[in-house]
Number of protein chains: 2
Amino acid sequence: MVPQPIAWSPTGGLRVLDQRALPETCVERDLETIADVAEAIRTLQVRGAPLIGIAAAMGLVAGLRTIRSAPRETFVAQLDEAIAMLADTRPTAVNLRWALERMRRAAGSPGDGDLLWARLKSEADAIWTEDRAMCRRIGLAGLPLVPDGAQVLTHCNAGALATGGIGTALAPIYLAHEAGRKLHVYVDETRPLLQGARLTAWELGRAGIQCTVIPDGAAAALLASGRIGLVIVGADRIAKNGDFANKIGTYGLAILAQHHRIPFYCAAPRSTIDCATASGGAIPIEHRSPAEVTAYHDAWNPAFDVTPARYVTGFITDRGVERPPFGAAE
Amino acid sequence: MVPQPIAWSPTGGLRVLDQRALPETCVERDLETIADVAEAIRTLQVRGAPLIGIAAAMGLVAGLRTIRSAPRETFVAQLDEAIAMLADTRPTAVNLRWALERMRRAAGSPGDGDLLWARLKSEADAIWTEDRAMCRRIGLAGLPLVPDGAQVLTHCNAGALATGGIGTALAPIYLAHEAGRKLHVYVDETRPLLQGARLTAWELGRAGIQCTVIPDGAAAALLASGRIGLVIVGADRIAKNGDFANKIGTYGLAILAQHHRIPFYCAAPRSTIDCATASGGAIPIEHRSPAEVTAYHDAWNPAFDVTPARYVTGFITDRGVERPPFGAAE
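Note that the coordinates shown come from a computational prediction; the quantities given were computed from them, not determined experimentally.

Novice: Could you clarify how one ought to interpret the overall build of chain A in this entry?
Specialist: A count of helical and extended segments in chain A gives 9 helices and 14 strands. Projected onto its principal axes, the C-alpha positions of chain A cover 65 × 45 × 40 Å. Relative to its full complement of 330 residues, chain A shows a buried share of 63%. Taking the intrachain contacts of chain A between residues at least 6 apart in sequence as the baseline, contacts between residues at least 24 apart amount to 74%. About 11400 Å² of surface is accessible on chain A, with carbon and sulfur atoms providing 53% of the total.

See the structure below:
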């Protein structure tokens, strides 16, 4: 079974799996306030572009449940403040802003706190449920690309732990495995935070899918060895022209895949495509603390890089395998 | 001052800096027997292609000093056994075999144990002294490539800690710094064993040279940022056609440098060129324990990869900046 990284707690708080502690320990945390949720997103207890969108939406519901009987003005003021605080946690993934805007719109019509809160609750549930369905559609779109015997390379974690469902980059892999195809997944360990070694290898292992971790620097030699049939990665934001931001290391991997003539796919829900961003140069890149890299020295620690569209064989979305430029999502 | 990773102990043993413990602690170890020396090389207490050649040569002297008054036959038999044991420790770097063959030849002429041992001692001292001079010549050959204001990217550790002198890839950097040029060195942290973050950043910091560590996966984004003027790496073995083996990650870095039209240099003493190896495919690649990558999962952990000669702008050797194919060293 794939892990489920998010849920409602019995008291209506937001329950998350603390992904910093995996795979040594499975710690669940109940987040009660907006500040709790913001902190959990900022410190990567909850991570993965689709999941932080879901967490922000559900977090609004959890954090505002204590003031649900407030008059409209008070509730809306608190909601706007909460949205601003959550939007500010991480700059690169567009899903976070997308989910928060959707929540703001859902609360837009007339009504007092109780009604607004109920609308937020049902919108958050819809975002979560839709994400699960989208993951499955991404999986179906990518399934023909993962034949029996496929050896696939992936980077970071774009799996169940990054979404409300079976992941984005890993969705076609899960469905191919369900269909009885024999697979082997190579996983970049993904420094500095080792999401590949800690998260992807863990969730694939739980699902019984064979996988092998490699140091990020070994990817070129692995691609040259001839055993890899395709590379699939996720995305934090896809620009209109198809340039996309994803975990640092993705851009180099795309060049190396092209160099070795190996197909390189990006898998993401349509909500990751940001048509307001014309190209990769306009995507804000989060730089994180040098301490994540090393305690000894100065470090340059961008969390993401941008892969130009020309390196991407196709975008596996919930609408199928697409090529840019993208139109606005309907 | 650059660190000195090797020396004779006062009692004639081999004293090495245990590079596994750096930079947290500077532990020196005295190696008394051939088995001690073999273990130190195998476990990377002593590492770096030129240095393991020096350590093997000096190790023979240290390990055989207790039987120096033995008759010729006994001494030679022990010497051959010691050479076989040391040659077997690590397969990729050619300097190890090169140094051991040189030691075997030095002991070849007639004479009893005492005389043979004295010849070994003077040959080992010569190898060590020559390496120091070679590093300096490599530095001089590469110096024009490192202008004032240069920003250089390097991988792993090909510095003082890898040689008997000021390093190979770092030699031009040390000399440029001595010449008063302002420099900034970016260092791949170099997973799995972090020789870049632990060793290169440490020795550059001691020398007062500005440096910044990056996760290996960030190299492509750094090269794309336009700030890097050149890449310099070391080598463990250079084939006759110029293909060369170096720490895993080097091959990918070479492709990425070429892709971004940034010069990519390999710096090594001439003893690293193995004219008996026609091309990269014939270089044996050491695979190390998966446990170096992760304690949780299966891992693919080649210690080296092979960079085809076509990606190399030039080879900075103790003879100058050269291009393959190489002739036999005179």
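Novice: Sorry, what's going on with the side chain of Thr 212 of chain A here?
Specialist: If you trace the backbone, Thr 212 of chain A turns up in strand 6 (residues 211–214). Given the relative accessible area of 3%, Thr 212 of chain A is considered buried. A distance of 2.7 Å separates polar atoms of two side chains, one belonging to Thr 212 of chain A and the other to His 184 of chain A. Not counting the four nearest positions on each side in its chain, Thr 212 of chain A is found in contact with His 184, Val 185, Tyr 186 and Val 187 of chain A together with Asp 298, Ala 299 and Trp 300 of chain B.

Novice: Teacher, can you tell me more about the state of the cysteines here?
Specialist: The tally for this structure, following the rule as stated, stands at 0 disulfides over all chains. Of all cysteine sulfurs, the one in Cys 266 of chain A lies closest to Cys 275 of chain A, which takes part in no disulfide; the gap is 14 Å.

Novice: What exactly am I supposed to notice about helix 9 (residues 250–259) of chain B here?
Specialist: Along an α-helix, a turn takes 3.6 residues, which lines up residues three or four apart on a common side. Of all 10 residues that make up helix 9 of chain B, 8 are buried, and the element is covered over most of its length. In the segment just after helix 9 of chain B, Arg 261 of chain B is the residue with positive phi, at about 55 degrees.

Novice: Quick question: what am I supposed to make of the nonpolar core here?
Specialist: Most often, soluble globular proteins have nonpolar side chains that are buried together. Core analysis: the largest hydrophobic core is formed by 64 residues, its most contacted members being Leu 153 and Val 231 of chain A together with Leu 153 and Val 231 of chain B. Among the elements of the structure, helix 8 (219–224), strand 7 (230–233), helix 9 (250–259) and strand 10 (264–267) of chain A together with helix 8 (219–224), strand 7 (230–233), helix 9 and strand 10 (264–267) of chain B are those that each provide at least two residues to this core. Val 231 of chain B has contacts with Leu 153, Leu 223, Leu 253, Ala 257, Ile 262, Pro 263, Phe 264 and Tyr 265 of chain B, leaving out every residue within four places of it along the chain.

Novice: I'm lost on the relation of the copies chain B and chain A in this one. Help?
Specialist: What connects the two chain copies is a rotation about an axis and a shift along it. For the pair chain B and chain A, the best superposition has an RMSD of 0.0 Å and corresponds to a rotation of 180 degrees with a translation of 0.0 Å parallel to the axis. Accordingly, the operation relating the two chain copies is best matched by a two-fold axis. Here 100% of the interface residues in chain B have copies in chain A that are interface residues too; the copies meet face to matching face.

Novice: Where do I start with the interface of chain B and chain A in this structure?
Specialist: Interfaces are often sized by the amount of accessible area the parts lose when they come together. With 41 residues of chain B at the contact, the number on the chain A side is 41 residues. At the boundary of chain B with chain A, total buried surface from both sides reaches about 3300 Å², with 67% on carbon and sulfur atoms. Where chain B meets chain A, there are 2 salt bridges. With a shortest N-O distance of 2.5 Å, Glu 189 of chain B and Arg 191 of chain A are connected by a salt bridge. Elements represented by at least two residues in the side of chain B that touches chain A include exactly helix 7 (195–206), strand 6 (211–214), helix 8 and helix 9 of chain B. The greatest single-element share of the side of chain B that touches chain A, amounting to 5 residues, is contributed by helix 9 of chain B.

Novice: Teacher, can you tell me more about helix 6 (residues 171–178) of chain B here?
Specialist: All names here are of chain B. The element helix 6 is extensively covered by neighbouring structure, given that 6 of its 8 residues are classed as buried. Summarising the contacts, the buried residues of helix 6 are in contact with helix 5 (113–142), strand 4 (151–154), strand 5 (184–188), helix 7 and strand 7. After helix 6 finishes, the residue Gly 180 shows a positive phi value of roughly 85 degrees.

Novice: Help me understand the sheet that holds strand 14 (residues 320–322) of chain B in this model?
Specialist: Backbone-to-backbone hydrogen bonds join strands into a sheet, with any given pair of strands oriented parallel or antiparallel. All names here are of chain B. The strand order 6-5-4-7-10-13-14 describes an open sheet built from 7 strands, whose pairing is mixed. The sheet is open, and its two edges are formed by strand 6 and strand 14, each paired on a single side. The average undirected angle you get between the axes of adjacent strands in this sheet is 25 degrees. Bridge count between strand 4 and strand 5: 4 bridges; the pairing is parallel. Paired with Thr 154 across the two strands is Val 187, which belongs to strand 5. Helix 5 rests against strand 10, strand 13 (314–317) and strand 14 of the sheet, and its axis sits at about 140 degrees to strand 13.

Rules of the game
Residues numbered from 1 in each chain as written. Chains lettered and ligands numbered in written order. Predicted model: local features only at pLDDT ≥ 70, side-chain atom pairs only at ≥ 80, totals over all residues. Heavy atoms only, no water. Helix = DSSP H or I, 4+ residues; strand = E, 2+ residues; numbered from the N terminus. Buried < 20%, exposed > 50% of the residue type's maximum accessible area, 1.4 Å probe, protein only. Contact = heavy atoms within 4.5 Å. Areas by Shrake-Rupley, 256 points an atom, 1.4 Å probe, with all protein chains shown as cover. Polar contact = N/O pair within 3.5 Å; in protein donor to acceptor, adjacent residues only side chain to side chain. Disulfide = S-S within 2.5 Å. Core = buried A, V, L, I, M, F, W, Y, C linked by side-chain atoms within 4.5 Å. Least-squares fit on C-alpha atoms with pLDDT ≥ 70 in both. Buried area = accessible area lost by both parts, 1.4 Å probe. Salt bridge = Lys/Arg side-chain N within 4 Å of Asp/Glu carboxyl O. Pairing = 2+ DSSP bridges. Axes fitted to C-alpha atoms, helices over the stretch in contact; angles between N-to-C directions.

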